[in-house]
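Residues per chain are reported as follows:
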Amino acid sequence: GENVEQHPSTLSVQEGDSAVIKCTYSDSASNYFPWYKQELGKRPQLIIDIRSNVGEKKDQRIAVTLNKTAKHFSLHITETQPEDSAVYFCAASLRSGYNKLIFGAGTRLAVHP
Amino acid sequence: EAGVVQSPRYKIIEKKQPVAFWCNPISGHNTLYWYRQNLGQGPELLIRYENEEAVDDSQLPKDRFSAERLKGVDSTLKIQPAELGDSAVYLCASSILQGGMDEQYFGPGTRLTVT
């Protein structure tokens, strides 16, 4: 079955710097890769996703890249702000009928003013 | 639009006691998921419903866990008896397939502490 590994487990940056979180997956048939943000004590919220037919997707300060050959995908946050501080989870799924997400272990991002 | 609703938000019980969690998905979402999230880890799927049918319960510990979604809307997840290792956040999510996309929307979760 699918296995998703996520690095780093913690990340500390200064406000305005960029943050990069990386994930690798094991099942080459996986074709959908969402990223969730979870603030302390709150629900996971989808912030961006990418499908295997594209290599990059951007939404304002957030971008995701996908390398299907290497089976890894990354989240890039530019011009970080304190409100970006949260735990970020990557996930992968094989969309053959339904969206069974396999999550990474999460990255705790701290943005310091 | 109201989001996924879960109750209770917090529950503290002694081991060997039963506990139940309730989820009300987003209106119109036919797919409902129950996840368990251990501290410092990502959510792990326990069971998925398509309407009232459980179509993936391969990771549900069936000796003590049970779930139901009788009318294809609300769902309950039960643990009986609870063990210390069941302490976790139990998340409910729902989705609907639209335009080839079925983004999962999560509820706030129920934080279970077993003492």
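Above this note sits the structure.
Described below are features of the structure shown in this document. (Residues numbered from 1 in each chain as written. Chains lettered and ligands numbered in written order. Predicted model: local features only at pLDDT ≥ 70, side-chain atom pairs only at ≥ 80, totals over all residues. Heavy atoms only, no water.)

### As for the overall build of chain A
- Regarding its fold elements, chain A presents zero helices and eleven strands.
- What you see in chain A, going N to C, is helices and strands ordered as β-β-β-β-β-β-β-β-β-β-β.
- Here the C-alpha atoms of chain A give a radius of gyration of 13 Å, agreeing with the 13 Å that 2.2 N^0.38 yields for 113 residues.
- Structurally, chain A occupies a C-alpha span of about 45 × 30 × 20 Å along its principal axes.
- Scored against the burial criterion, the 113 residues of chain A give a buried share of 42%.
- Within chain A, contacts between residues separated by at least 24 positions form 54% of all contacts whose residues are at least 6 apart in sequence. (Helix = DSSP H or I, 4+ residues; strand = E, 2+ residues; numbered from the N terminus. Rg over C-alpha atoms; globule rule 2.2 N^0.38 Å. Buried < 20%, exposed > 50% of the residue type's maximum accessible area, 1.4 Å probe, protein only. Contact = heavy atoms within 4.5 Å.)

### Details of the overall build of chain B
- Along the backbone of chain B there are zero helices and eleven strands.
- Going residue by residue from the N terminus, the α and β elements of chain B occur as β-β-β-β-β-β-β-β-β-β-β.
- Taken over C-alpha atoms, the radius of gyration comes to 14 Å for chain B, in line with the 13 Å a tight globule of 115 residues would show.
- In terms of principal-axis extent, the alpha carbons of chain B reach across some 45 × 25 × 25 Å.
- Burial statistics for chain B: of 115 residues in total, 45% are counted as buried.
- In chain B, of all internal contacts separated by at least 6 residues, the share reaching a separation of at least 24 is 53%.
- For chain B, the exposed area adds up to about 5800 Å²; of that, 49% sits on carbon and sulfur atoms.
- Each charge class in chain B can be summarised by its mean position, and for the 12 positive and 15 negative side chains these summaries are 8 Å apart. (Areas by Shrake-Rupley, 256 points an atom, 1.4 Å probe, with all protein chains shown as cover. Lys, Arg positive; Asp, Glu negative; His and termini not counted. Charge placed at Lys NZ, Arg CZ, Asp CG, Glu CD.)

### So, the environment of V114 of chain B
Residue and element names in this part refer to chain B.
- Its place among the elements puts V114 in strand 11 (residues 110-114).
- Overall, the relative accessible area of 7% leaves V114 in the buried class.
- With sequence-adjacent residues up to four places away left out, V114 is seen in contact with I13, E14, K15, A82, E83, L84, D86 and S87.

### Re the sheet that holds strand 6 (residues 56-59) of chain A
Residues and elements named next belong to chain A.
- Here we have five strands laid out as an open sheet, ordered 1-3-8-7-6, and antiparallel in their pairing. Two strands lie at the open edges of the sheet, namely strand 1 (4-7) and strand 6, each paired on one side alone. When strand polarity is set aside, the average angle formed by the axes of neighbouring strands in this sheet is 15°.
- Sheet topology places strand 6 next to strand 7 (residues 62-67); four bridges connect them, and they run antiparallel. The residue bridging K57 from the neighbouring strand is V64, located in strand 7. (Pairing = 2+ DSSP bridges. Axes fitted to C-alpha atoms, helices over the stretch in contact; angles between N-to-C directions.)

### Remarks on the interface of chain B and chain A
- Residue-level contacts link 25 residues of chain B with 16 residues of chain A.
- Interface area for chain B against chain A, summed over the two sides, is near 1600 Å², with a carbon-plus-sulfur share of 47%.
- A per-residue breakdown of the area chain B buries against chain A is headed by D102, Q104 and F106 of chain B, which together make up 27% of the total.
- A salt bridge links K100 of chain A to D56 of chain B, with the shortest nitrogen-to-oxygen separation between them at 3.4 Å. (Buried area = accessible area lost by both parts, 1.4 Å probe. Salt bridge = Lys/Arg side-chain N within 4 Å of Asp/Glu carboxyl O.)

### Focus on the sheet that holds strand 7 (residues 65-68) of chain B
Residues and elements named next belong to chain B.
- Spatially, 1-3-8-7 is the arrangement adopted by the four strands of the open sheet, whose pairing is antiparallel. Two strands close off the open sheet at either side, each with one partner strand: strand 1 (5-7) and strand 7. On average, adjacent strands in this sheet sit at an angle of 15° to one another, irrespective of strand direction.
- Judged from the four bridges that link them, strand 7 and strand 8 (residues 75-79) form a sheet pairing that is antiparallel. Looking at the pairing, E68 lines up with T76 of strand 8.

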